[in-house]
2 protein chains.
Amino acid sequence: MKPTLKAVAEAVGVSRSTVSNAYGRPDQLSTELRERILETARQMGYPGPDPTARSLRRGVVGAIGVLFTSRLSYAFTDPFAVRFVTGVAEAAERHDSNLLLVPLPPDASGARRAVENAAVDGFCVYCVGDEEGILAAIRGRGLPFVTTSARSGADDRWVGIDERAAARSAAAHLVELGHRRVALLGHDVLPRAASDLLRVADVADVPHPTTRDRFAGFADAFATAGVPWSDLTVLTARDNTRDAGAAATSALASLPEPPTAVLAASDVLAFGALDALREQGEWGRQVSVTGFDDIAEAATVGLTTVRQPAEQKGRTAAELLLEPPADARAGQILLPTTLVVRTSSGPVPRS
Amino acid sequence: MKPTLKAVAEAVGVSRSTVSNAYGRPDQLSTELRERILETARQMGYPGPDPTARSLRRGVVGAIGVLFTSRLSYAFTDPFAVRFVTGVAEAAERHDSNLLLVPLPPDASGARRAVENAAVDGFCVYCVGDEEGILAAIRGRGLPFVTTSARSGADDRWVGIDERAAARSAAAHLVELGHRRVALLGHDVLPRAASDLLRVADVADVPHPTTRDRFAGFADAFATAGVPWSDLTVLTARDNTRDAGAAATSALASLPEPPTAVLAASDVLAFGALDALREQGEWGRQVSVTGFDDIAEAATVGLTTVRQPAEQKGRTAAELLLEPPADARAGQILLPTTLVVRTSSGPVPRS
DNA sequence: TTGAAAGCGTTACCAA
DNA sequence: TTGGTAACGCTTTCAA
């Protein structure tokens, strides 16, 4: 077995405190003694204080957790998530904090357990569907946390964008181009995935908070143009992936009066929509498509989309966690968004 | 302060062991008592056993660490790294293990400390430059680990590809197309970043193990075609990014006899090369470029490259860690690679 | 089925 | 500058 701090102390002939200080508080003992301790430790193969024991004693872990709905293998499918984590990592590194990636099982009790078992000093909550159960579990542990989608309590730390206004800007752009018959594409639109094509009685019924907010924004712009919610076609992707976006979009072709534009709630879904539309030949190519996030590929392909600062969002979230603002009201940070118009959106084709 | 297990025990009027069992070993006590304990705990706001204390006592953390050279914000710049982590995450999730992302500071002692302070049950080492120092630190802790680039000891677990043969296949393809005057593009080619354009006395001098192996493979194929190492132009990117690849490649234009092809040690570098060459007008467009990894964008752009199974590499690494093979010799897994020929490579232009 | 006692490997405090 | 003592919060024998 690996030697412990105690063994080193005995070998050197000093107390455990002194050995501990040799590692954690070099100023508390003479350089000479410290050297002697470190040297003996090296010879004995002592790897330094055990991280777990130190955490227990100090009450600090030195890691922050990033909470994801569902499997990471799925979450990382969206470049936006990767950029968010990158931002979190950047800030964490500056604070000598490690990053613990915590995927949440779909069932509530499993998710709760995952939160309860994570050895961290705080949480960044990345776009979780069911915020409430998760937040309750976090609060239960008494750990600080930062939310990035739905806002929770007024005093809770949060970083995000004005989802609804941002979505509205994309829709307004299409309205201006003359589009009136359009489809909205999102995931988690229904409690359970039903058919791809359906009418949702009310935007407020959409379970996923982000999808709901963005859909509401889309609807705002069209309502202003005289198009009521009930006239919008809603496409439900089974998840937030390109393939799912394509599958959901392909249902459009069979419509008697197909829409002239598709507004996607994310770029990955938008790419899926483009894939599906390209397969529809001439008609499909005429359909305008907008996305959300502005991931790198959007520029390459020419996707009109809403840009939100991904890395900055992650970085800010981590900073909010690691450098808590003195004033609680400074704990809510709204990030800017921009509509980026590219070639995937254009005027309504006359026919 | 949050209540502890002890407080719950006192409140219910049972011993701490019993409360502990209520959480960790439900079969050790009557359902009725268990219910009563859990209910009281809930009312008191006890979040369940503290993860750190449990880890200390049990000797198991429930997380595996992934070691990266340098900042994560840089590592995640390469989609290959993201896919690797995704694979690791997939296997980790199956084993109810969390993922701790551990960036290693560039200095040896900082890196050592990072390894010593990580609360994990084992490590996946992702492409670290200085393997030895790191591995020594891991061995010092007595934790299991899996390596993915350089192989270490014969009994150590490892998953990877035949770097050299894979690189050779790309170079052989260019040889067949008639290329004889070519440039190799890689990062960490020199101990310290010197000029972009230089002669390296010997492949064996390249410090980065992966770059070295791939360069050696490139050189193999050209040696067979009668082109010695000294006739190959070596381009040094300051790091493994698209921009650095572009910067390094732009030096080519000023050469009296510019090469007809660029062999990059990674896809991101290859994209950089393409960026730079496209700026050179007609001449640049004629230059063949090959990459390595086959990240998603390679297909979009038509980059000829060597495919290696990214997710599988990560998944296998984690599995090797979490399900140690009974036979040590089964701990070394070689993954297949394929040369994927696309449009970025073609015959030597006559001029 | 329940409980008492003995740690797990540290660090913090206070006294010497 | 150094050492003793008491936790940190839990789990695990083993005995009742």
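Definitions and cut-offs
- Residues numbered from 1 in each chain as written.
- Chains lettered and ligands numbered in written order.
- Predicted model: local features only at pLDDT ≥ 70, side-chain atom pairs only at ≥ 80, totals over all residues.
- Heavy atoms only, no water.
- Domains from an automatic or database assignment.
- Contact = heavy atoms within 4.5 Å.
- Buried area = accessible area lost by both parts, 1.4 Å probe.
- Salt bridge = Lys/Arg side-chain N within 4 Å of Asp/Glu carboxyl O.
- Polar contact = N/O pair within 3.5 Å; in protein donor to acceptor, adjacent residues only side chain to side chain.
- Helix = DSSP H or I, 4+ residues; strand = E, 2+ residues; numbered from the N terminus.
- Nonpolar A, V, L, I, M, F, W, Y, C, P; charged D, E, K, R; others polar.
- Near = heavy atom within 4 Å.
- Least-squares fit on C-alpha atoms with pLDDT ≥ 70 in both.

1. As for the domain arrangement of chain A
All names here are of chain A.
Next, step 1: If you check the domain split of chain A, you get domain 1 (5-48), domain 2 (57-161 + 310-335) and domain 3 (163-307).
Next, step 2: Taken over C-alpha atoms, the centre of domain 2 sits 28 Å from the centre of domain 3.
Next, step 3: The partner domain 3 presents 15 residues to the 13 residues of domain 2 that form the contact.
Next, step 4: Summing both partners gives a buried area of about 1000 Å² for domain 2 against domain 3, and 59% of it is carried by carbon and sulfur.
Next, step 5: Summed over the shared surface of domain 2 and domain 3, the number is zero salt bridges.
Next, step 6: There are four residue pairs in polar contact (both at pLDDT 80 or more) connecting domain 2 and domain 3.
Next, step 7: By residue number, the principal contributor to the side of domain 2 that touches domain 3 is helix 6 (residues 79-94), which donates three residues.
Next, step 8: Residue classes in the side of domain 2 that touches domain 3 are distributed as seven nonpolar, three polar and three charged.

2. Observations concerning the protein's contact with DNA strand C
Next, step 1: The environment of DNA strand C is formed by 25 residues, the closest being L5, S20, Y46 and R57 of chain A together with R57 of chain B.
Next, step 2: In terms of residue count, the dominant contributor to the surface near DNA strand C is helix 4 (residues 51-58) of chain A (four residues).
Next, step 3: A class-by-class count of the residues in the surface near DNA strand C yields eight nonpolar, nine polar and eight charged.

3. Considering the relation of the copies chain B and chain A
Next, step 1: The two copies are related by a screw operation: chain B maps onto chain A through 180 degrees of rotation and 0.0 Å of translation along the axis, at an RMSD of 0.1 Å. In the structure described here, the two chain copies are related by an operation that fits a two-fold rotation axis. Rotation axis and chain B: the residue whose C-alpha lies nearest the axis is L100 of chain B, separated from it by 2.2 Å.
Next, step 2: The share of interface residues of chain B whose copies in chain A are also at the interface is 100%, consistent with both copies meeting through the same surface.

4. Focus: the protein's contact with DNA strand D
Next, step 1: Around DNA strand D sit 26 residues in total, of which T18 of chain A together with L5, S20, Y46 and R57 of chain B are the nearest.
Next, step 2: Near the protein, within 4 Å, the atoms of DNA strand D are sugar or phosphate in 62% of cases.
Next, step 3: Contact between DNA strand D and S17 of chain B: a base oxygen at 3.3 Å from a side-chain N or O atom of the residue.
Next, step 4: Note that a phosphate oxygen of DNA strand D is positioned 3.1 Å from one of the backbone N or O atoms of D50 of chain B.
Next, step 5: Secondary structure elements with two or more residues in the surface near DNA strand D: helix 2 (16-24) and helix 4 of chain A together with helix 2 (16-24) and helix 4 (51-58) of chain B.
Next, step 6: Of all the elements, helix 4 of chain B adds the most residues to the surface near DNA strand D, at four residues.
Next, step 7: Its residues assigned to classes, the surface near DNA strand D shows eight nonpolar, 10 polar and eight charged.

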